Amino acid sequence: MRCPFCHAEDTKVTDSRLATDGLEVRRRRVCLECNERFTTYEIIEVVMPRVVKRDGTRVSFDEGKIRNGMLHALEKRPVSTGDLDEAVKNVVRKIRSSGEKEIASNQIGEWVMDELKGLDDVAYVRFASVYRRFQDLDAFRAEIDKLIRRPRKK
């Protein structure tokens, strides 16, 4: 590993630990030339499936789109950044574990709605109204009625 300070090629690993739920290896290193210390992270590179949109076009998977959609739905709602991060991770984990080379955008949308439903009812209805293209108040009412009738987690 090249030193980021002096660019020497000789560095020594002084400590290795698992990070991020065992998905990364964190390594503390020291440069043998300048004695500066630095941290590196090793992660598994996984090829994410392509996303098949409603119109049939295929695009590269972009985690940022999931995060931004959820952030927009959660705007001004009492949900922590940590809870949002965990929900995004859950959706990405489901996509990754699908094992498919392509995945329909509507499946991703359903997983996002499942996560939002667990975080905040208002955010869920906001997202569902755009995702499912609600046309009138009856569509909103029907979705809210489903939320009211569902069993609550304690």
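Going by the structure above, here's the rest.
Residues numbered from 1 in each chain as written. Predicted model: local features only at pLDDT ≥ 70, side-chain atom pairs only at ≥ 80, totals over all residues. Heavy atoms only, no water.

Enquirer: Describe the packing of aromatic side chains, and please don't skip the residues or the numbers.
Expert: For any pair of aromatic rings, the description rests on two quantities: the centre-to-centre distance and the angle between the ring planes. Using the criterion set out here, one finds 1 aromatic pair in the structure. Between Phe-5 and Phe-38, the ring centres sit 6.4 Å apart and the planes meet at 70 degrees, which makes this aromatic pair edge-to-face. Of this pair, Phe-5 sits in the segment before strand S1 (11-19) while Phe-38 sits in strand S3 (residues 37-43), and the two are 33 residues apart along the sequence. Judged by relative accessible area, which is 8%, Phe-38 ranks as buried. (Phe/Tyr/Trp six-rings, centres within 6.5 Å; stacked < 30°, edge-to-face > 60°. Helix = DSSP H or I, 4+ residues; strand = E, 2+ residues; numbered from the N terminus. Buried < 20%, exposed > 50% of the residue type's maximum accessible area, 1.4 Å probe, protein only.)

Enquirer: Tell me about the packing of helix H2 (residues 81-97) against helix H3 (residues 105-119), and name the residues and values.
Expert: Contact geometry of H2 with H3 gives a least axis separation of 10 Å together with a crossing angle of 150 degrees. One finds that H2 runs roughly antiparallel with respect to H3. For the pair H2 and H3, the sense of crossing is right-handed. Contacts between H2 and H3 involve Asp-83, Ala-87, Asn-90, Val-91, Lys-94 and Ile-95 from the former and Ile-108, Trp-111, Val-112, Glu-115 and Leu-119 from the latter. Here the residues of the contact of H2 with H3 sort into 7 nonpolar, 1 polar and 3 charged. (Axes fitted to C-alpha atoms, helices over the stretch in contact; angles between N-to-C directions. Parallel < 35°, antiparallel > 145°, perpendicular 65-115°, else oblique. Left-handed = near helix turned anticlockwise from the far one by under 90°. Contact = heavy atoms within 4.5 Å. Nonpolar A, V, L, I, M, F, W, Y, C, P; charged D, E, K, R; others polar.)

Enquirer: So what's going on with unusual backbone geometry? Which residues, and what values?
Expert: Here the phi dihedral of His-7 falls at roughly 70 degrees; this positive angle occurs in a residue that is not glycine. Within the fold, His-7 resides in the segment before S1. Positive phi is not limited to glycine here, since Asn-35 has a value of about 65 degrees. With relative accessibility at 58%, the residue Asn-35 sits in the exposed group.

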